[in-house]
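Structural overview for review
Residue-level listing of the chains:
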Amino acid sequence: MRKFLKLILSFTIFSVIVFTAASCSTKCNHVWKEATCTSAKTCTVCNAVRGEALGHSGGEATCLARATCERCGEEYGEKPDHIWVEASCEMAKHCEVCLQEEGEALGHTGGTATCVDKAVCERCQKEYGTVDFSNHLDRYQYVKTATTHREHCNCCGNDIGDEEPHSFVNGTCEVCGYTPTVAVSDAQAQAGEAVTLSVSLTDTVGIAGLQITVRFDPSRFTLASVEQGEIFEDFIFTASSNLANGSVFMWDGAAESVENGELLSLTFNVGDGISAGDYVVEITVSAYDVEMNEISLTIVNGKITVA
Ligand SMILES: [Zn+2]
Ligand SMILES: [Zn+2]
Ligand SMILES: [Zn+2]
Ligand SMILES: [Zn+2]
Ligand SMILES: [Zn+2]
Ligand SMILES: [Zn+2]
């Protein structure tokens, strides 16, 4: 009996061992396929799964394209939003990546163009537009002829508008200031010598009558001779006969002359023993147009410099 029990027991143990061995031989000998982006490590035989899919990774998503996985080359994820740059003077609001625009550029604004400089934008400080030839910086200069004036801009060097006739009031153009001038030249002399000064008319606008009075220091100088200059030949010329200080010279024309040039040549004798210095030869001048209206003149005195 005991032997029998022992046998049974042995059989049972054997059976358990055999059974265990039999179930072991049916278990899968896994053949693993490594995990990929989208699937976990998987047995190709029994589809057993270990772990998880790796998931896509790497690459850079932009508003233009989804990210491309560095492992598998597939696109994945979402496109991010545009990266907006606010509108500026020259560019509309736009995505700095794909350059897609929204709305319009603001355009430059403000500043003032001149004849030499473009306007400078108040927002971006850039020059824009064109120079403005209606905004001259330094326009009040005139190009003058005997009969006309024309505005000239010193900044851009352009003449502006049209040549226009002078608008004379008492012989001076009230627009450009053009005025005829009678001037006595300067000269140098030694004591005891003779010296000649010239009286000339420039920038005349038309003179029909002229009177010049010459004053000098009679204690130092004598007016030795006076000759009529090359202009106003058709005028009646009258001269004081004594050529003293305060002598008067007159021209009387039947019509206005627009000639410029020398009116008189004055020859002085410089007294002996005159001390060195400048001695003024002064003139007073009256000029008239053909209707005897007085013409204003610029008068320039001369001087004799005794060395
Ligand atoms: Zn398996
Ligand atoms: Zn991937
Ligand atoms: Zn974009
Ligand atoms: Zn701007
Ligand atoms: Zn200008
Ligand atoms: Zn003028």
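All of these numbers come straight from a predicted model, not from anything done at the bench.

Another point: the overall build of the protein. Counting secondary structure elements, the protein contains one helix and 27 strands. Radius of gyration (C-alpha) of the protein: 56 Å, far over the 19 Å computed for a compact globule of 307 residues. A principal-axis box enclosing the C-alpha atoms of the protein has dimensions of 190 × 50 × 25 Å. Here the protein, with 307 residues, has 16% of them falling under the buried criterion.

Spatial strand order, S6-S7-S8: three strands in an open sheet with antiparallel pairing. Looking at which strands have only one partner, the edges of the open sheet turn out to be strand S6 (84-85) and strand S8 (101-102). Strand direction decides the pairing type here: strand S7 (residues 93-95) and S8, joined by two bridges, are antiparallel. From the neighbouring strand, Lys93 faces S8, where its bridge partner is Glu102.

Attention now moves to the domain arrangement of the protein. According to the domain assignment, the protein contains domain 1 (60-107), domain 2 (141-173) and domain 3 (181-306). Domain 2 and domain 3 are separated by 29 Å when their C-alpha centres are compared.

Right, let's talk about the nonpolar core for a bit. In this structure, Val182, Val199, Ile212, Leu266, Phe268, Ile283 and Ile304 are the most contacted members of the largest nonpolar core, which totals 32 residues. Where this core is concerned, the elements lending two or more residues are strand S16 (181-184), strand S18 (194-202), strand S19 (207-215), strand S20 (221-228), strand S22 (247-257), strand S23 (261-270), strand S24 (277-288) and strand S27 (302-306). With residues up to four places along the chain from it excluded, the contact list for Ile283 reads Val182, Val184, Val199, Ile212, Thr213, Val214, Ile299 and Asn301.

Residues of S27 alternate between two faces, with Gly302, Ile304 and Val306 buried on one and Lys303 and Thr305 left unburied on the opposite face. Looking at chain direction, strand S17 (residues 187-189) and S27 are connected through three bridges and run parallel. What sits directly across from Ala189, in S27, is Val306. The sheet contact formed by S24 and S27 spans five bridges and is antiparallel.

The rules we used
Residues numbered from 1 in each chain as written. Chains lettered and ligands numbered in written order. Predicted model: local features only at pLDDT ≥ 70, side-chain atom pairs only at ≥ 80, totals over all residues. Helix = DSSP H or I, 4+ residues; strand = E, 2+ residues; numbered from the N terminus. Rg over C-alpha atoms; globule rule 2.2 N^0.38 Å. Buried ≥ 20, exposed ≤ 12 C-beta atoms within 10 Å, placed from the backbone. Pairing = 2+ DSSP bridges. Domains from an automatic or database assignment. Core = buried A, V, L, I, M, F, W, Y, C linked by C-beta atoms within 7 Å. Contact = placed C-beta atoms within 7 Å.

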